[in-house]
Each structure stands twice: as C-alpha cells, then as structure tokens.
Amino acid sequence: MTSLIKRPIVLFGPSGSGKSTLIKKLFEEYPDSFGFSVSHTTRSPRSGEIDGVDYHFVTKDQFLAGVANGEFIENAEFSGNYYGTSIKAVENVKNKGKVCILDIETEGVKQVKNTNLDARYIFISPPSFEELRKRLLGRQTETEESIKKRLDTAAKEFEYAKQPGAYDIKIVNDDLEKAYKNLKSFIFNQENKE
Ligand SMILES: Nc1ncnc2c1ncn2[C@@H]1O[C@H](COP(=O)(O)OP(=O)(O)OP(=O)(O)O)[C@@H](O)[C@H]1O
C-alpha cells in the first residue's frame, strides 16, 4: 500500500539536473494530487514558458517591492536574476487540497527550512558535472555566459548537499525513468528513504 504524505515537497539541485523534467512527469501522471508553487522571477521567459504557469515574470522593482512587503517565503538572487516563492503561491496549492511542489535553489532551501512550512527535501543530482554541462548545452536555452554561471553555482550546490541534513533523499538523475521511479517511491511512501 502506498500513502501520499501531505507535506510540501521541495526539489532542489543544480540547474540542468532535471528538476523541471521530473516535476512535469509527476504532474502528468497525477494532475489531481500535486500543485506547483509558481515562483516569481525577474529573468526573461524562455521560449514556451507561460506567465502565471511556469513563473510569475516580474520586473526587479516589482520583485523588490514584494520582498519589502513580506510577501515571500524565500527569495534569492541566482545567475544575475531574482527568484522567490510567495506565501500566496503555496497557499493557492494548499487551498486546492493538493500537495505543494516547490522547485527552488539552495539559498531558498535554507530560508524555507527556517519557516513553519514543514517540507520534505529532495536533492536532484546529475550523474556528473560533465553530464550537467552537456544537458545545459543540449537544452539550448542558455548563453555560454549563463551556462558558466550555472556551473559555478552548481559547485556550491554540491557543497551544500554534502552537509548533514541537507536533504531527506538524494535522487541521481542518470536514467530518467529510474529517477522518476525513485521520486515517486519517496513521495508516496517514506519507507524508501536513502
Ligand atoms: N535523465 C536524463 N537524461 C538525459 N537528459 C535529461 C535527463 N533529465 C533531464 N534531461 C534533460 O536535461 C535538460 C535539463 O533538464 P531540466 O530543464 O529539467 O533541468 P532543471 O534542473 O529543471 O534546470 P533549471 O533549474 O535551470 O530549470 C533538459 O534538456 C532535459 O530534457
């Protein structure tokens, strides 16, 4: 028997490790069980991204005004842009009776740990640094400069993940189907904790 634990779930890990890909699969399979916390960002939309669905795309002034108003659970600067999770984004999901999924970066993870959100933390790791570089290149969404920044940040994220208690489970996204299976077994039944 599997059981869905209702606590929010935080996915973090280097850019390109596959967080969005895994979340997309989860939502496709269980559209009624999970809801995505739509973050705010000052970065430009990538091709195909929809405002209010993938992110709330805002200006730097709008973002900083929200932070000053205490509207955010966590916020951080990443690769030259601001990102944050609003209290409202998480409440919207909870109000629908769904488990909230958050896709955030490491600085945000540290902040969420200091709130009463009572989340569970999943570190999505690429199989290797070289593979991460290849995937970011293959995604064709980043400039060379942006890839460099993301890889520099990835090194810090690996360091953070090494700290005791950084995550509840680490999932290595080598084979996508295998990683997805591990993700589901953690989400639905905590017995399989690594
Ligand atoms: N197991 C896998 N094997 C090969 N390629 C993968 C795998 N998982 C994801 N990818 C590919 O790697 C790229 C990066 O994945 P994705 O965009 O999901 O990463 P991300 O962690 O969400 O990044 P970001 O934090 O920048 O949004 C995508 O092009 C995706 O299709």
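Please refer to the structure placed before this passage.
Below you will find a few notes about this structure. Nothing here was measured: the structure is a model prediction, and the numbers come from that model. (Residues numbered from 1 in each chain as written. Predicted model: local features only at pLDDT ≥ 70, side-chain atom pairs only at ≥ 80, totals over all residues. Heavy atoms only, no water.)

**A word on the layout of surface pockets**
Size it by volume and the largest pocket reaches roughly 1000 Å³. Around the largest pocket, the lining comprises 34 residues; the ones closest to its centre are S20, R46, Y55, D103 and R139. Among the secondary structure elements, those contributing two or more residues to the lining of the largest pocket are α1 (19-29), β5 (72-78), β6 (81-86), α5 (129-139) and α6 (144-161). At six residues, the largest contribution of residues to the lining of the largest pocket is made by α1. Among the residues making up the lining of the largest pocket, the classes are represented as nine nonpolar, 12 polar and 13 charged. Space inside the second largest pocket adds up to approximately 370 Å³. Lining the second largest pocket are 19 residues; nearest its centre among them are V38, H56, K88, A89 and N92. Of all the secondary-structure elements, those providing two or more residues to the lining of the second largest pocket are β2 (34-36), α2 (60-68) and α3 (87-95). With four residues, α3 is the single largest residue contributor to the lining of the second largest pocket. (1 Å grid on protein atoms, 1.4 Å probe; cavity = no way out; pocket = protein on both sides within 12 Å on 5 of 7 lines; lining within 4 Å. Points joined across faces, edges and corners; volume = space filled by probe spheres on them. Helix = DSSP H or I, 4+ residues; strand = E, 2+ residues; numbered from the N terminus. Nonpolar A, V, L, I, M, F, W, Y, C, P; charged D, E, K, R; others polar.)

**Examining α1**
Helical periodicity: at 3.6 residues per turn, an α-helix aligns residues three or four positions apart in one direction. All of the buried residues along α1 are K19, L22, I23 and L26. Down the axis of α1, the buried set is contained in an arc of 100°. They therefore lie on one face. Residues of α1 that are exposed and point more than 90 degrees away from the buried face comprise K24 and E28. On its buried face, α1 is in contact with β1 (9-12), β2, β7 (99-103), β8 (120-125) and α7 (176-188). (Buried < 20%, exposed > 50% of the residue type's maximum accessible area, 1.4 Å probe, protein only. Arc of directions from axis to C-beta. Contact = heavy atoms within 4.5 Å.)

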